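Inside the fold
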Amino acid sequence: MNHQEALTSYIAAFVAELVKSGVEDVVVSPGSRSTPMAMVMAEHPELRVHIHVDERSAAFFALGIAKASQRPAALLCTSGTAAANYYPAIVEAQYSRVPLIVLTADRPHELRDVGAPQAIDQIHLYGKNVKWFVEMAPPENTAEMLRYARTVCARAASAAQTSPAGPVHLNFPFREPLVPQLDRNDLFELSERTEGYVNIHSGQFGLPNEEYKEMAQIFNSAQKGIIVCGPLEKADFSAAVIKLAEKLNYPIIADPLSQLRSGLHEGSFIIDAYDSFLKNDDAKKALKPDVIIRFGAMPVSKPLTIFMKENSTARQIIVDGGRGWRDPALLSTEMIHCDEILFCESVTSFLNTSENDEFIALWKKINDLTRSKLADINAVDELSEGKLFFQLAELLPEGSTLFVGNSMPIRDLDTFFHYNQKSIRVMANRGANGIDGTVSTALGAGMASQPLYLVLGDLTFFHDLNGLIASKQYGIDINILLINNNGGGIFSFLPQANHPRNFEKLFGTPLDLDFSHAIKMFGGQYVLISDWEHFISAFQQNMDRSGIKVMEITTNRDRNLTEHRELWESVSREISRLLEG
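Description of the structure in this document. Just so we're clear, the structure is a prediction, and the values are computed from it rather than from any experiment. Residue numbers restart at each chain and count upward from 1, following the sequence in its written direction. Where local features are concerned, this predicted model is filtered to residues with pLDDT of at least 70; where side-chain atom pairs are given and counted, the filter is 80 or more; whole-chain, interface and lining totals use all residues. As a rule here, side-chain values cover all heavy atoms of the structure and leave hydrogens and water aside.

Attention now moves to the overall build of the protein chain. Helix and strand definitions here come from DSSP, where helices need a minimum of 4 consecutive H or I residues and strands a minimum of 2 consecutive E residues; each element is numbered from the N-terminal end. From N to C terminus, the protein chain includes 22 helices and 18 strands. Radius of gyration here uses only the C-alpha atoms, and the compact-globule reference equals 2.2 Å multiplied by the residue count raised to the power 0.38. For the protein chain, the C-alpha radius of gyration of 26 Å lies close to 25 Å, the compact-globule estimate for 581 residues. For the C-alpha atoms alone, the extent of the protein chain along its principal axes is close to 90 × 65 × 45 Å. Within the protein chain, the fraction of its 581 residues that count as buried is 57%. We call two residues contacting when some pair of their heavy atoms lies within 4.5 Å. In the protein chain, the proportion of contacts linking residues at least 24 apart, taken out of those at least 6 apart, comes to 77%. Here the term buried applies to any residue with accessible area under 20% of the maximum for its type, exposed to any over 50%, and partly exposed to those in between, with areas from a 1.4 Å probe on protein chains only.

This part covers the sheet that holds strand β15 (residues 452-457). In spatial order, the strands read β14-β13-β15-β16-β18-β17; together these six strands make up an open sheet with parallel pairing. Two strands lie at the open edges of the sheet, namely β14 (425-427) and β17 (525-528), each paired on one side alone. Taking each pair of neighbouring strands and ignoring which way they run, the sheet shows an average axis angle of 15 degrees. Strand pairing is defined by DSSP finding a minimum of two bridges between the two strands. Here β17 runs beside strand β18 (residues 548-554); their pairing, made up of four bridges, is parallel. When the bridges of β18 are listed, Gln-525 appears paired with Lys-549. All axes here are fitted lines through C-alpha atoms, helices being fitted over the stretch that makes contact, and every angle between N-to-C directions spans 0 to 180 degrees. Where helix α21 (residues 532-542) meets the sheet, it contacts β15, β16 (478-484), β17 and β18, and its direction lies at approximately 170 degrees from that of β18.

What follows concerns empty space enclosed by the protein. Throughout, the protein atoms alone are placed on a 1 Å grid, and a set of points is a cavity if a 1.4 Å probe fits but cannot get out or a pocket if it is open with protein on both sides within 12 Å along at least five of seven lines; lining residues have an atom within 4 Å of a point. Grid points are joined across faces, edges and corners, and a volume is the space filled by probe spheres set on the points. Scanning the model with the defined rule gives two cavities of 30 Å³ or more in all. One number sums up the size of the largest cavity: a volume of about 80 Å³. Together, Ile-292, Arg-294, Met-298, Thr-305, Met-308, Gln-316, Ile-317, Ile-318, Asp-327, Pro-328, Ala-329 and Leu-331 line the largest cavity. For the lining of the largest cavity, the secondary-structure elements that each account for two or more residues are β10 (291-295), α11 (302-310) and β11 (315-319). In terms of residue count, β11 provides more of the lining of the largest cavity than any other element does, three residues in total. Lining the second largest cavity are Leu-383, Ser-384, Glu-385, Thr-555, Asn-556, Arg-559, Asn-560 and Glu-563. For the lining of the second largest cavity, the leading source of residues is helix α22 (residues 557-580), giving three residues. Of the residues contributing to the lining of the second largest cavity, the split by class is one nonpolar, four polar and three charged. Each residue receives one of three labels: charged for Asp, Glu, Lys and Arg, nonpolar for Ala, Val, Leu, Ile, Met, Phe, Trp, Tyr, Cys and Pro, and polar for the others, Gly being one of them.

Let us now look at the sheet that holds strand β8 (residues 252-254). Whether parallel or antiparallel, the strands of a sheet pair through hydrogen bonds between backbone atoms. Taken together, the six strands give an open sheet; going across it, the order is β9-β8-β7-β10-β11-β12, and neighbouring strands pair in parallel fashion. The sheet is open, and its two edges are formed by β9 (270-271) and β12 (334-336), each paired on a single side. Alignment of β8 against β9, held across two bridges, turns out to be parallel. Directly across from Ile-253, in β9, lies its bridge partner Ile-271. Its contacts with the sheet place helix α8 (residues 237-248) against β7 (225-229), β8 and β10, and it is angled at close to 170 degrees to β7. Strands β10, β11 and β12 of the sheet are contacted by helix α12 (residues 340-349), whose axis makes an angle of about 140 degrees with β10.

The definition of a nonpolar core used throughout is a set of buried Ala, Val, Leu, Ile, Met, Phe, Trp, Tyr and Cys residues joined through side-chain atoms within 4.5 Å. Ranked by internal contacts, the top residues of the largest apolar core, which has 54 residues, are Phe-277, Trp-363, Leu-392, Leu-402, Leu-481, Phe-535 and Phe-539. Per-element tally for this core: the top contributor is helix α14 (residues 385-395), with six residues. Residue contacts for Phe-535: discarding those within four places in its chain leaves Leu-388, Gln-391, Leu-395, Leu-481, Ile-529, Met-551 and Ile-553.

Now for the packing of α14 against helix α15 (residues 408-416). Think of two packed helices as two axes; the pair is described by the angle between the axes and how far apart they sit. Put simply, α14 and α15 touch, their axes get as near as 9 Å, and they point 55 degrees apart. Between α14 and α15, the angle falls in the class oblique. With respect to the hand of their crossing, α14 and α15 are arranged in right-handed fashion. Here Glu-385, Gly-386, Phe-389 and Phe-390 of α14 come into contact with α15, specifically with Met-408, Pro-409, Asp-412, Leu-413 and Phe-416. Looking at the contact of α14 with α15 residue by residue, the class counts come to six nonpolar, one polar and two charged. Note that the term roughly parallel is reserved for angles under 35 degrees, roughly antiparallel for angles over 145, roughly perpendicular for angles of 65 to 115, and oblique for everything else. Here is the rule for handedness: rotate from the far helix to the near one, and if that takes an anticlockwise turn smaller than a right angle the crossing is left-handed, while a clockwise turn gives right-handed.

Here Ala-73 lies in strand β3 (residues 73-77). For the pair Ala-73 and Gly-22, spaced 51 residues apart in the sequence, the C-alpha separation amounts to 9.2 Å. The contacts of Ala-73, once residues within four sequence positions are left out, are Asp-25, Ala-62, Ile-65, Ala-66, Pro-99, Leu-100 and Ile-101.

This part is about unusual backbone geometry. In this structure, Pro-164 follows Ser-163 across a cis peptide bond, with omega equal to -5 degrees. With respect to the helices and strands, the residue Pro-164 is situated in the loop between α6 (143-161) and β6 (167-173). Geometrically, the link from Glu-176 to Pro-177 is a cis peptide bond, its omega value of 0 degrees lying close to zero. Take Pro-177: it is sitting in the loop between β6 and α7 (209-221). Positioned with a positive phi, Gln-118 is a non-glycine residue whose angle comes to about 55 degrees. Examined against the element boundaries, Gln-118 turns out to sit in the loop between β4 (100-106) and β5 (132-135). The phi dihedral of Arg-193 falls on the positive side, at around 50 degrees, and the residue is not glycine. The residue Arg-193 is located in the loop between β6 and α7 in this model. A relative accessible area of 48% means that Arg-193 is categorised as partly exposed.

So, on to the packing of aromatic side chains. Ring pairs shown here join Phe, Tyr and Trp side chains whose ring centres sit within 6.5 Å, with only the six-membered ring taken for Trp; geometry is labelled stacked below 30 degrees between planes, edge-to-face above 60, and tilted in between. Using the criterion set out here, one finds 13 aromatic pairs in the structure. An aromatic cluster is built from Tyr-212, Phe-237, Phe-295 and Phe-343, whose rings are joined through pairwise contacts. Whether a charge sits over a ring depends on NZ of Lys or CZ of Arg being within 6 Å of the ring centre and within 35 degrees of the ring normal. Against the face of Tyr-197 rests Arg-193, its NZ or CZ located 4.1 Å from the ring centre. One cation-aromatic arrangement involves Lys-364 over Phe-269; the distance from NZ or CZ to the ring centre is 5.0 Å.

By convention in these notes, a salt bridge is any Lys or Arg side-chain nitrogen within 4 Å of a carboxyl oxygen on Asp or Glu. For the structure shown, the criterion picks out 24 salt bridges. The partner of Lys-284 in a salt bridge is Glu-310, and the shortest N-O contact between them spans 3.1 Å. Of this pair, Lys-284 sits in helix α10 (residues 281-286) while Glu-310 sits in helix α11, placing them 26 residues apart in sequence. Owing to a relative accessible area of 45%, Glu-310 belongs among the partly exposed residues under this scheme. One connected set of salt bridges, linked through shared partners, spans Glu-24, Asp-25, Arg-48 and Arg-71.

See the structure below:
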């Protein structure tokens, strides 16, 4: 049996099983050593192959596909530093629990550590940032080795999806010649178990009924409880947690990535202006809880995090269906590894309906007052970052996907984007909180979720300009709202801003770039916004256009800092007056 026959049969069996395991999308970066896998993948009629030259952007593009579709996406690259460029997206996938199947081609064993070109040590390349690593056996065409290829594939897909979801890494050593035999009529025919070699079943993490009853007793006895919902992507969670809140009369402090700030669900329990009013000491004293139930990852809001830290004597219960330890402040009194929806439904069934509405009424009253004061941002005539996010809830079409960059945009979203009934899906890369790969991740999400709006700053946009090529290549429509304050606006809010010497050089980092040239290079449409009337007009016109549409909104960092502080001070004054009677 010759080498090419073995190579082809082995890879074809793996690719066929990949599709049987539910993978529909693979992102391939061109290279030589990955030739056999890439060519076989391109032949499979049920596999969508996306080509992306830049491996770093490619990996984030795959991350976005998996994030939006909630199915594993595969990645393929050649040997050497190509694989190293996947690292940032793999880290993000690990910490944000996104399923990725990373396939790296490698030199065969005899060409390692002997000075061969494009050969680096790829064994456990990503360390503990992947859930599972396998150094694949060299291709053979025996029945046992085809079973091996299929079994490893099924295990990889299952491991990537099993809670907590995350990336897995398979390293394939390939010998030359690398071109497979594609003229076979039976390329993807499976001689046994044609529906998939092995089905791997995983159940929900749950608790014995006695423990649900115990939790219900704790909640029934608490007079002042709150529910904190951080970033969480899980269908039907909103309905389950709102039923829990209704039974308990607890307010839901809803992070913008919790998917609770938008939709047709009951909104009367949603608290969405906490990032502003929890800066006020009087409010924090009045709203002091004795029980905190938390779902999802850590919230974006720093004032909320500080508030939870300051209430360390409260009973703090963290529910995590991914069996993690999302408690950086070490506050939890109970860490419950249970599916979030199952927990809400099970505990609710044992609860008495609470008649105590004084505590939640105070939360609502302060929240409503804060929202009304934050609405003053609409009176600002100049182009403003805060006003932009305040208006998005009104301007975005029903069913939109809103992807938000890190640093200031995600924080302004937290402050100014309030509850609405438009079913807007809000996404961001909050696993490692980096600015890298934002454009690519958003475009990957755009493969599964449209219409797509991306709001990000100028540094974040510059960092991943390469990612725009995916829109041009695959016709992915994207509306980009580019906030250009010529530098790192978030640093103006941090302590280093009090030390002006070298601040601009080290932290402000102005780029002084004309982005219109880059947009033109990628075949996009660009408009520099002059005022708010122009912005609304351009926003509405872009709804009927396709491709890359960029609206650049120039703002001033110093004015933005002043504007935010004046608003916060105004909110704080009104809250103190309210609480003083």
